[in-house]
Amino acid sequence: MNDKPDDKSGGTAVRYDILITGGEVLDPGAGLNGRLDVAIKDGTIAEVAANLDPATARETIDATGLIVTPGLVDLHTHVYWGATYWGIEPDPVAARTGVTTWLDVGSAGGYSFPGFRRWVAEGSQVRVFALLNLSSIGLIAPTWEFANLDYCDIGLAEEMIRLHPNLILGIKARIDRNTTRGTGIEPLRLARQLADRVALPLMVHIGSGPPSLADVADLLRPGDILTHCCTGGDMRLLGMDGVPHAEIRRLQEAGLVLDVGHGAGSFSFDVAEQLLAQGIVPDVISSDIHQLAIQGPMFDLPTTLSKFLGLGMNLPDVIERATSRPAAAMGRPDLGTLRPGGVADLALFRLEEGEFTFRDVAMEPRQGSQRLANTLTMVGGKRLPHQEEGPLQPWARLPEHQRVGSA
Ligand SMILES: [Zn+2]
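Residues numbered from 1 in each chain as written. Predicted model: local features only at pLDDT ≥ 70, side-chain atom pairs only at ≥ 80, totals over all residues. Heavy atoms only, no water.

A few words now on the overall build of the chain. The number of helices and strands found in the chain is 10 helices and 15 strands. Rg of the C-alpha trace for the chain: 22 Å, near the compact-globule value of 22 Å for 407 residues, within the 12% margin. With respect to the principal axes defined by its C-alpha atoms, the chain has extents near 80 × 50 × 45 Å. Going through the 407 residues of the chain one by one, you find that 58% of them count as buried. Of the contacts made within the chain by residues no fewer than 6 positions apart, 75% connect residues no fewer than 24 positions apart. Accessible surface for the chain amounts to roughly 16,500 Å². Of this, 50% is attributable to carbon and sulfur atoms. Taking the average location of the 35 positive side-chain charges in the chain and that of its 50 negative ones, the two points are 2 Å from each other. (Helix = DSSP H or I, 4+ residues; strand = E, 2+ residues; numbered from the N terminus. Rg over C-alpha atoms; globule rule 2.2 N^0.38 Å. Buried < 20%, exposed > 50% of the residue type's maximum accessible area, 1.4 Å probe, protein only. Contact = heavy atoms within 4.5 Å. Areas by Shrake-Rupley, 256 points an atom, 1.4 Å probe, with all protein chains shown as cover. Lys, Arg positive; Asp, Glu negative; His and termini not counted. Charge placed at Lys NZ, Arg CZ, Asp CG, Glu CD.)

Written out as structure tokens, the structure reads:
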């Protein structure tokens, strides 16, 4: 083993495949923030340091004026394209957004998980993981998956989790008035039982009840994930008096992960502002990207992150909530970081300055002065090529108030 240059040639030994030079590296989880170069070898991060010699790499990428982050980790996505109401294809979106790790939350239940594994998890260039839906039918239809408790087959779910241990990282249960129509809090009780049996986190979606947020809070534990934390629905985290729900605050302090999951119906600027003002800061900022949300006003994860910049959160806090924090919530702290030795998943962004109008799901506008624009996305040291995105499904029609031109 000799890494030194060959004296006779007078040249410098090539040690790296790719060197990304001159960028502002921002990896809050690893404590990296500044003008640093990133060296990649064999699909992994080999070194992060100032002024690495370009002659040591076969290829150099100039990132001057750009921000270099770990590949983004989106904790709330729907990527079971063609088999579910909500699913989109992740690779084309990843190539223009910097999202290299996609957690699909509950698109597949027990009956459709083998297909998810073969066609989505193994068929994508990006890294795809899943939370298994407690309902065996998953999200084939827009909602109602818990309206028939016969679909809550804990034994089958447990078997699937045993068969796919490194792919299924937790359990998903959507709890609102439509998903649980007529069955109340019982599906969440069953989801709690399942999560305890398999010792994995439970992600619970909230919206408009019944059930109530109090009923849901009773069944949440530290390490679980409460998604749609900025919902404007009546299960919102703010009481009628505008004060955050005390039990949620206590749970968050104990380790409950509050996740944004913007989506098409779950993000209110008003609620987000009130929560931030009262010291409740979401732990993770995720997109809930799907057939509808991708059309706007959510659009994609960088747009969602830009909304939080507009709300006054600083860039490192925002990036941390889309890299190391979601990776930790998934039990995969090896992802969402540029630490040497880890996989070379990274993204380059231009931080655009200007006057931008962002909208929540009610199309309420807020002005922002910064916007993150992805310029390059790499998975395992390989650039994701830009590719055309397929047409949306015939049923993917935005509600009237969200259509372009109506705002
Ligand atoms: Zn969702």
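It is at 10 Å that the axes of helix 3 (residues 154–163) and helix 4 (residues 186–198) come closest, and there the two elements cross at 35°. As helix 3 packs across helix 4, the resulting crossing turns out to be right-handed. Residue-level inspection shows Ile154, Ala157, Glu158 and Ile161 of helix 3 in contact with helix 4, the latter providing Leu190, Gln193, Leu194, Arg197 and Val198. Looking at side-chain class alone, the contact of helix 3 with helix 4 contains six nonpolar, one polar and two charged residues. (Axes fitted to C-alpha atoms, helices over the stretch in contact; angles between N-to-C directions. Left-handed = near helix turned anticlockwise from the far one by under 90°. Nonpolar A, V, L, I, M, F, W, Y, C, P; charged D, E, K, R; others polar.)

This next bit is on the coordination of the zinc ion. Four donors placed tetrahedrally about a metal ideally form angles of 109.5 degrees, and six donors placed octahedrally ideally form angles of 90 or 180 degrees. On the protein side, the zinc ion has His76 (NE2), His78 (NE2) and Asp288 (OD) as donor atoms, found 2.0 to 2.4 Å from it. Mapped onto the polypeptide sequence, the residues donating to the zinc ion form the spacing pattern H-x1-H-x209-D. (Donors = N, O, S within 2.8 Å, 3.2 Å for Na, K, Ca; no water.)

This paragraph deals with the environment of glutamate 186. By secondary structure assignment, the location of glutamate 186 is in helix 4. A relative accessible area of 28% means that glutamate 186 is categorised as partly exposed. Sequence separation between glutamate 186 and leucine 66 is 120 residues, and the spatial gap between their C-alpha atoms is 49 Å. A polar contact is formed between the side chain of glutamate 186 and the side chain of arginine 189, at a distance of 2.9 Å. (Polar contact = N/O pair within 3.5 Å; in protein donor to acceptor, adjacent residues only side chain to side chain.)

Following the criterion strictly, the structure yields 22 salt bridges and no others. Among the salt bridges present, the one from aspartate 196 reaches arginine 192, with a minimum N-O distance of 2.9 Å. One end of the pair is aspartate 196 and the other is arginine 192, both in helix 4 and four residues apart, which spans about a single turn. Counted as one network, the salt bridges with shared partners bring together Arg96, Asp300 and Glu389. (Salt bridge = Lys/Arg side-chain N within 4 Å of Asp/Glu carboxyl O.)

Grouped together as the largest cluster of nonpolar side chains are 94 residues, with contacts concentrated most on Trp102, Phe116, Leu188, Val216 and Leu226. Take this core: its biggest share by element is six residues, from helix 4. Grouped together as the second largest cluster of nonpolar side chains are 19 residues, Ile20, Leu32, Ile40 and Leu346 included. (Core = buried A, V, L, I, M, F, W, Y, C linked by side-chain atoms within 4.5 Å.)

A regular strand places its side chains so that they alternate between the two faces of the sheet. In this structure, strand 13 (residues 346–359) lies alongside strand 14 (residues 365–379), joined through 12 bridges in antiparallel fashion. From the neighbouring strand, glutamate 353 faces strand 14, where its bridge partner is glutamine 370. Sheet analysis places strand 14 next to strand 15 (residues 382–383), joined by two bridges and oriented antiparallel. Following the sheet pairing, valine 379 is matched in strand 15 by lysine 382. Hairpin connection between strand 14 and strand 15: a loop of two residues separates the two successive antiparallel strands, and glycine 380 in this loop has a positive phi of roughly 55°. (Pairing = 2+ DSSP bridges.)

This next bit is on unusual backbone geometry. Backbone phi values are negative for most residues with the exception of glycine, while trans is the configuration of most peptide bonds. Look at the link from glycine 209 to proline 210: it is a cis peptide, with omega at 5°. Along the chain, proline 210 falls in the loop between strand 10 (202–205) and helix 5 (213–217). Between glycine 296 and the following residue, proline 297, the backbone shows a cis peptide bond with an omega angle of 10°. Here proline 297 is to be found in the loop between helix 7 (269–277) and helix 8 (301–310). Positive phi, close to 50°, is recorded for aspartate 288, a residue that is not glycine. Tracing the backbone through its elements, the reader meets aspartate 288 in the loop between helix 7 and helix 8. Judged by relative accessible area, aspartate 288 falls into the buried class, the value being 6%. Its identity is not glycine, yet phenylalanine 299 carries a phi of approximately 70°, on the positive side.

Bear in mind that shape data such as this cannot, by itself, settle questions of function.
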